[in-house]
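Secondary and tertiary structure notes
If you want the building blocks of each chain, they are given just below.
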Amino acid sequence: MNSELLKYNDISLRYGEKDVLSHFNLDIKKGDRILLKGRSGAGKSTLLKMPMGFAHHTSGSLYFNNKLLDANTVWDARKRIAYVSQDLDIYEGSVNEFIEEVFSYSFNEGKLDRTKLRRLLVYLGFEKDVLDMDFEDLSGGEKQRIGIIMSVLIGKDIYLLDEITSSLDSALKEKVANYFLERKDWTLVIISHDDVWEKENVRVVPVGV
Ligand SMILES: Nc1ncnc2c1ncn2[C@@H]1O[C@H](COP(=O)(O)OP(=O)(O)OP(=O)(O)O)[C@@H](O)[C@H]1O
C-alpha cells in the first residue's frame, strides 16, 4: 500500500477579491519529490504553510496521513512535518544555545546527534566556531544552512522546503539539493527558483496556471 501522506483536494483560496488558488489538487506519497513551480504570487508558499496551519484555504480539503487536517489534527501534523522556510526565527544567543533550545522541546528530545551535527556543519562549509557565534550575527545564507541542518537532525515524515537555497552560492545550492535528493525514501515538496532541484525523479507541479 502506498497511500497518500499529504493530499490537497480541490483547494481554493481567496484573499478579499483576489483568487489566489483555484481548485488545486495534489497527492503526495511517501518518497515523492515534488517541485512546485509558478509565477510570483501564485500561492506556492501558501500551499506549504497550509499543512502546518499557518495559512488556511477558503474551500476544499487537506489530508495528512489520510486524516482531514483541521484545528484538532494540525498539532499532530506539525510534529511530523518539517517546514523549512527562508526566514528563520530571530534568536538572541549563540548558535549552540539556539540548537540546544530547539532540541530541548519534548518532541525533539534525544534527536541531537552531535557527531552528525559536526559532519553536517563541515559538509555545508562551516568552520566549527560557528556554534559560538551569536545567531543574530550570521549572514542570511548561514542562518539558512543552520535551519537546514536542524531540520535534517530532527527528521520528519515529510519536508516542505520553501526557497531554502535562495541565499546560498551555487556550490552550496548544489550540495544542499544533492543532500536531500540523494535520500531516496525522504518525501520532499520543494519551492525553488534554483535549477539545482530540477533533477531526474523530481516531479514538477505547476501552481496557478
Ligand atoms: N495574509 C494574507 N493576506 C492577503 N494576501 C495574502 C496573504 N498571504 C499571502 N497573500 C497573497 O497571496 C498571494 C500568494 O502568496 P504566496 O507567498 O503563496 O506566493 P508565491 O507563489 O509563494 O510567491 P513567490 O514566488 O513570490 O514567493 C500573493 O499575492 C500574496 O500577496
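Refer to the structure above for everything that follows.
Conventions adopted
- Residues numbered from 1 in each chain as written.
- Predicted model: local features only at pLDDT ≥ 70, side-chain atom pairs only at ≥ 80, totals over all residues.
- Heavy atoms only, no water.
- Near = heavy atom within 4 Å.
- Areas by Shrake-Rupley, 256 points an atom, 1.4 Å probe, with all protein chains shown as cover.
- Helix = DSSP H or I, 4+ residues; strand = E, 2+ residues; numbered from the N terminus.
- Nonpolar A, V, L, I, M, F, W, Y, C, P; charged D, E, K, R; others polar.
- Pairing = 2+ DSSP bridges.
- Buried < 20%, exposed > 50% of the residue type's maximum accessible area, 1.4 Å probe, protein only.
- Contact = heavy atoms within 4.5 Å.
- Salt bridge = Lys/Arg side-chain N within 4 Å of Asp/Glu carboxyl O.
- Expected span 1.5 Å × (residues − 1).
- Polar contact = N/O pair within 3.5 Å; in protein donor to acceptor, adjacent residues only side chain to side chain.

Topic: the site of the ligand
In the neighbourhood of the ligand, the contacting residues comprise Y15, K18, V20, R39, S40, G41, A42, G43, K44, S45, T46 and H193. For the ligand, whose free accessible area comes to 640 Å², the fraction covered by protein is 59%. Those elements that place two or more of their residues in the shell around the ligand are β2 (18–29) and α1 (44–49). The element contributing the most residues to the shell around the ligand is α1, with 3 residues. Residues of the shell around the ligand, tallied by class, amount to 3 nonpolar, 6 polar and 3 charged.

Brief notes about the sheet that holds strand β4 (residues 59–64)
Pairing is antiparallel across the open sheet formed by 4 strands, whose spatial order is β2-β1-β4-β5. Of all the strands in the sheet, the pair left with one neighbour each is β2 and β5 (67–68). Both strand β1 (residues 4–15) and β4 contribute to a ladder of 5 bridges, which runs antiparallel. Paired with K7 across the bridge in β4 is Y63.

Some words on the side chain of N108
Here N108 is to be found in the loop between α3 (95–104) and α4 (114–123). Using a relative accessible area of 3% as the deciding quantity, one classes N108 as buried. Beyond its immediate sequence surroundings of up to four residues, N108 is in contact with V102, F103 and I154.

Describing the pattern of salt bridges
Enumeration according to the criterion identifies 10 salt bridges in this entry. When the shortest N-O distance is used, the salt bridge between D19 and R14 registers 2.9 Å. On the basis of relative accessible area, R14 is assigned to the partly exposed category, the value being 39%. In the salt-bridge network here, residues are joined through shared partners; they are D76, R80 and D157.

Here we look at helix α6 (residues 170–182)
The end-to-end C-alpha separation of α6 is 18 Å, in line with the 18 Å expected for 13 residues at 1.5 Å each. Every buried residue belonging to α6 is among L172, K173, V176, A177, Y179, F180 and L181, and all of these are buried. Next to the buried residues of α6 lie β3 (33–37), α4, α5 (140–154), β7 (158–162) and β8 (188–191). A side-chain oxygen of the first residue of α6 lies 3.2 Å from the backbone nitrogen of A171; this N-cap is D169.

Let's talk about the pairing of β3
Of all 5 residues in β3, 4 are buried, a share of seventy percent or more. Note that β3 and β8 share 4 bridges and pair parallel. Counterpart to L35 in the pairing with β8 is I190. Relative to strand β9 (residues 203–206), β3 runs parallel, the two sharing 4 bridges. Each bridged residue has a counterpart across the sheet, and for K37 the counterpart in β9 is P206.

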